Amino acid sequence: MNKALVAVGAKEHGKSAHSLRHGFGILSAMGGANVVAIGESLGHADLKTTGVYTRAAAAYLENPSDAVERALQGEK
């Protein structure tokens, strides 16, 4: 993945295979995906590992400033 990002000129700090994987996990959790399904998609042997993504998603969704921004944009 990193070689592909370099090849298209998109490699920069914070963009990596790991960041894409992390983004997938968080967005899946935010979208309501089952924690078991997320863990299986990411190849986790232990669901405790998947908990990182569910906790990050919950923190985002519970952030009051984000809730205000979503409300202003007409989202729930």
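Look up: the structure comes first, before these words.
Residues numbered from 1 in each chain as written. Predicted model: local features only at pLDDT ≥ 70, side-chain atom pairs only at ≥ 80, totals over all residues. Heavy atoms only, no water.

(A) Expanded view of the nonpolar core. Ranked by size, the top nonpolar core spans six residues in total: Ile-26, Ala-29, Ile-38, Leu-42, Tyr-53 and Ala-57. Among the elements of the structure, helix 2 (17–30), helix 3 (35–42) and helix 4 (47–61) are those that each provide at least two residues to this core. If we skip the residues at most four places from it in the chain, Ile-26 touches Tyr-53, Ala-56 and Ala-57. (Core = buried A, V, L, I, M, F, W, Y, C linked by side-chain atoms within 4.5 Å. Buried < 20%, exposed > 50% of the residue type's maximum accessible area, 1.4 Å probe, protein only. Helix = DSSP H or I, 4+ residues; strand = E, 2+ residues; numbered from the N terminus. Contact = heavy atoms within 4.5 Å.)

(B) Just helix 2, in detail. The end-to-end C-alpha distance of helix 2, which contains 14 residues, comes to 20 Å, matching closely the 20 Å that a straight helix rising 1.5 Å per residue would cover. Where helix 2 is buried, its residues contact helix 3 and helix 4. Once helix 2 finishes, Gly-32 follows within two positions and takes phi at roughly 95°, a positive value. (Expected span 1.5 Å × (residues − 1).)

(C) Quick peek at the packing of helix 2 against helix 4. Contact geometry of helix 2 with helix 4 gives a least axis separation of 8 Å together with a crossing angle of 60°. Of the possible angle classes, the one that applies to helix 2 and helix 4 is oblique. Classified by chirality, the crossing of helix 4 by helix 2 is right-handed. For the pair helix 2 and helix 4, contact is made by Arg-21, His-22, Gly-25, Ile-26, Ala-29 and Met-30 and by Val-52, Tyr-53, Thr-54, Ala-56, Ala-57, Tyr-60 and Leu-61, respectively. The class makeup of the residues in the contact of helix 2 with helix 4 is nine nonpolar, three polar and one charged. (Axes fitted to C-alpha atoms, helices over the stretch in contact; angles between N-to-C directions. Parallel < 35°, antiparallel > 145°, perpendicular 65-115°, else oblique. Left-handed = near helix turned anticlockwise from the far one by under 90°. Nonpolar A, V, L, I, M, F, W, Y, C, P; charged D, E, K, R; others polar.)

(D) Examining the packing of helix 3 against helix 4 more closely. Put simply, helix 3 and helix 4 touch, their axes get as near as 9 Å, and they point 110° apart. Between helix 3 and helix 4, the angle falls in the class roughly perpendicular. Note on element contacts: helix 4 touches helix 3 through Leu-47, Thr-50, Tyr-53 and Thr-54, opposite Val-35, Val-36, Ile-38, Gly-39 and Leu-42. For the contact of helix 3 with helix 4, the class distribution of residues is six nonpolar, three polar and no charged.

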